[in-house]
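Structural overview for review
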Amino acid sequence: MGARPNFMKIAPIIREMAQYPGDYKQILVHTGQHYDASMSQVFFDELELPQPDVNLGVGSGSHAQQTALIMQRFEPVLLDYKPDWVVVPGDVNSTVACALVASKLGVKVAHVESGLRSGDRTMPEEINRILTDHLADLLFTTEPSGNENLRREGIPEEKIRFVGNTMIDTLVQLLPKAEARWPQWRERLAVDRYVLVTLHRPANVDDVSTFGEIMTALCQISREIPVVFPVHPRTRQHLARLNLQPATHNLQFLEPLGYLDFLALETHASLVLTDSGGVQEETTYLGVPCLTARPNTERPVTITNGTNRLVASRAADLIAAAQEALADAIVTPTGSRVAPRPELWDGRAATRLVAALGAVAGS
């Protein structure tokens, strides 16, 4: 694993496998794709992850540089440890790089969170998903659309296992700890209703015009309800370029948050505005209204079975959608679930995944 979203997906699997020490020996490899304390170490602490056996320390770089360096440094690890399987989660550069190295060395690959498709190949994550799925020997899906996508692409049925969402396992396990942090946050924010924002995708934050539209919307929304914005490190760089001077103190910029603090704020938000795939899933489970500033999503179940809605990254669209969602939230208070949770999002995905892996590995 290598990036912040991976940690929540892999932690339940590590914990489940640890219950069978006679069946599994685990080697945890951290590629170092996310490496600073706010994006990495805090998650090891809060998710109770063991420290990595190997840290490749690749750091940042272009997609090509990062992917190539991970491959270069991961190959000797496989040659040294000689594993039977490599388990890769998600859709980041670490995912496809490690899957490709393993496949070329004849090591079987299991992909956690397979089959998700946005249909948008301008997203680097979409390329990573497609390549990893076609390299993998065992594909674990989180929602029915994943199975349908894989079948359509010709993946043999016997490779596919619908097990649910391991990231929701982490949420279920740690929600009580997150709730314990809420009183402190409520006192710090001094508000009962607020909009929580998280943005990091290049399509939203790298382009000055698009990011300017989003920030115009946030300033306007903050005139009606406080807006809380934990700022991703790369987003902060682009925020500085805008030289934005918020017209209201109701727009609060925070440093990046650890998992527990963010989950506490997410659970109690009146509305979440995001471009993160994982946040779309978490808000669906929590029953919190969510606006996703993207033209598409690889997680359609969050729309059909959840609280998510896609919105164009334009000021007028975001303002109108936020006003509508907040009006609905007055009738349907935050936390009430307007739809059943997606199938198998029950906190036991890792149990099913490890059982399926054991059945295949032992056959």
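Residues numbered from 1 in each chain as written. Predicted model: local features only at pLDDT ≥ 70, side-chain atom pairs only at ≥ 80, totals over all residues. Heavy atoms only, no water.

On to the environment of histidine 232. Mapped onto the secondary structure, histidine 232 falls in the loop between β8 (227-230) and α10 (233-242). The sequence separation of histidine 232 and proline 256 amounts to 24 residues, and the corresponding C-alpha distance is 5.7 Å. (Helix = DSSP H or I, 4+ residues; strand = E, 2+ residues; numbered from the N terminus.)

Before going further, it helps to examine helix α7 (residues 166-189). Residue leucine 174 marks the point of greatest curvature in α7, where the axis turns by about 50°; the proline proline 176 follows within four residues. Where α7 is concerned, the buried positions are Thr166, Met167, Ile168, Asp169, Thr170, Leu171, Leu174, Ala178, Trp182, Trp185 and Leu189. At the N-terminal boundary of α7, the capping side chain belongs to asparagine 165, with an oxygen 3.0 Å from the backbone nitrogen of methionine 167. Among the residues trailing α7, alanine 190 stands out with phi positive, at a value near 55°. (Bend = angle between axes of the 7 residues up to and from the residue. Buried < 20%, exposed > 50% of the residue type's maximum accessible area, 1.4 Å probe, protein only. Polar contact = N/O pair within 3.5 Å; in protein donor to acceptor, adjacent residues only side chain to side chain.)

Moving on: the packing of helix α1 (residues 4-17) against helix α15 (residues 349-361). The description of two helices packed together rests on the angle between their axes and the distance between the axes. Two numbers describe how α1 lies on α15: the axes approach to 9 Å, and their chain directions differ by 60°. Comparing their axes, α15 and α1 come out oblique. In the packing of α1 onto α15, the handedness of the crossing is right-handed. Contact residues: Pro12, Ile13, Glu16 and Met17 in α1; Ala350, Thr351, Leu353, Val354 and Leu357 in α15. (Axes fitted to C-alpha atoms, helices over the stretch in contact; angles between N-to-C directions. Parallel < 35°, antiparallel > 145°, perpendicular 65-115°, else oblique. Left-handed = near helix turned anticlockwise from the far one by under 90°. Contact = heavy atoms within 4.5 Å.)

In spatial order, the strands read β3-β4-β5-β6; together these four strands make up an open sheet with parallel pairing. Since the sheet does not close on itself, it has two edges, and those belong to β3 (85-89) and β6 (160-162), each with one partner. Each strand axis lies, on average, 20° off the axis of its neighbour in the sheet, ignoring direction. Sheet topology note: the β3/strand β4 (residues 108-114) ladder contains five bridges and is parallel. Bridge pairing in β4 places valine 87 opposite alanine 110. Across the face of the sheet, helix α5 (residues 124-135) comes into contact with β3, β4 and β5 (138-141) while running at roughly 140° to β4. (Pairing = 2+ DSSP bridges.)

Under the criterion given, the structure shown has 20 salt bridges. Here arginine 129 and glutamate 298 are joined by a salt bridge, their closest N and O atoms 3.5 Å apart. Placement of arginine 129 in helix α5 and of glutamate 298 in the loop between β11 (290-292) and α13 (301-304) is noted, with a sequence separation of 169 residues between them. As far as the burial class goes, arginine 129 and glutamate 298 line up, both buried. Among the salt bridges present, the one from arginine 151 reaches glutamate 157, with a minimum N-O distance of 2.7 Å. Judged by its relative accessible area of 41%, glutamate 157 falls in the partly exposed class. Linked by salt bridges that have partners in common, Lys9, Asp91, Glu113, Glu126, Arg129, Glu281, Arg294, Glu298 and Arg299 make up one network. (Salt bridge = Lys/Arg side-chain N within 4 Å of Asp/Glu carboxyl O.)

Of all residues in the protein chain, 93% attain a pLDDT of 70 or more, and the chain-wide mean is 92. A low-confidence stretch, residues 331-336 (pLDDT under 50), is modelled with nine contacts involving residues beyond four sequence positions or located in other chains. (pLDDT = per-residue confidence, 0-100.)

Let us now look at helix α4 (residues 93-104). Side chains that are three or four residues apart share a direction in an α-helix, a result of its 3.6 residues per turn. Counted at 1.5 Å a residue, the expected span for α4 with its 12 residues is 16 Å, and the 17 Å between its end C-alpha atoms agrees. For α4, the buried fraction is high: nine of the 12 residues fall into the buried class. Where α4 is concerned, the buried positions are Asn93, Ser94, Thr95, Val96, Ala97, Cys98, Ala99, Val101 and Ala102. On its buried face, α4 is in contact with α3 (63-81), β3, β4 and α5. One or two positions beyond α4, positive phi appears at glycine 106, with a value near 80°. (Expected span 1.5 Å × (residues − 1).)

Grouped burial of nonpolar side chains is what soluble globular proteins tend to show. By size, the foremost hydrophobic cluster in this structure holds 53 residues, and its most contacted members are Leu47, Leu49, Phe140, Tyr194, Tyr259 and Leu265. Looking at this core, the element that brings in the most residues is α7, giving eight residues. Sequence-distant contacts of phenylalanine 140, that is, excluding residues within four places in its chain, are made with Ala110, His111, Val112, Glu113, Ser114, Arg161, Val163, Leu353, Ala356 and Leu357. Core analysis: the next-biggest nonpolar cluster, separate from the first, contains 29 residues, Met215, Leu218, Leu273 and Ala315 among them. (Core = buried A, V, L, I, M, F, W, Y, C linked by side-chain atoms within 4.5 Å.)

By secondary structure assignment, the location of glutamine 280 is in helix α12 (residues 277-286). Those residues in contact with glutamine 280 that lie beyond four places of it in its chain are Thr274, Cys290, Thr292, Arg294, Thr297, Arg299, Thr302 and Asn308.

Here we take up unusual backbone geometry. A positive phi is found at lysine 82, a non-glycine position, where the angle reads about 50°. Mapped onto the elements of the fold, lysine 82 is located in the loop between α3 and β3. Judged by relative accessible area, which is 63%, lysine 82 ranks as exposed. If you check the backbone angles, glutamate 113 has positive phi at about 80° while not being a glycine. Note that glutamate 113 resides in strand β4. The exposure class assigned to glutamate 113 is buried, which follows from its relative accessible area of 5%.

We now examine the packing of aromatic side chains. The full count for this structure, using the stated rule, is four aromatic pairs. A centroid spacing of 6.0 Å and a plane angle of 45° characterise the contact between phenylalanine 7 and phenylalanine 43, whose relative ring orientation is tilted. Taken as a pair, phenylalanine 7 in helix α1 and phenylalanine 43 in helix α2 (residues 41-46) lie far apart in primary sequence, 36 residues in all. Note on phenylalanine 7 and phenylalanine 44: the rings are 5.4 Å apart at their centroids and 55° apart in plane angle, and the pair reads as tilted. Taken together, the positions of phenylalanine 7 in helix α1 and phenylalanine 44 in helix α2 put the pair 37 residues apart, joining distant regions of the chain. Accessibility classification places phenylalanine 7 together with phenylalanine 44 in one group, the buried group. Chaining the aromatic ring pairs together yields one cluster made of Phe7, Phe43 and Phe44. A cation sits over an aromatic face here: arginine 341 above tyrosine 285, 3.7 Å from the ring centre. (Phe/Tyr/Trp six-rings, centres within 6.5 Å; stacked < 30°, edge-to-face > 60°. Lys NZ or Arg CZ within 6 Å of the ring centre and 35° of its normal.)

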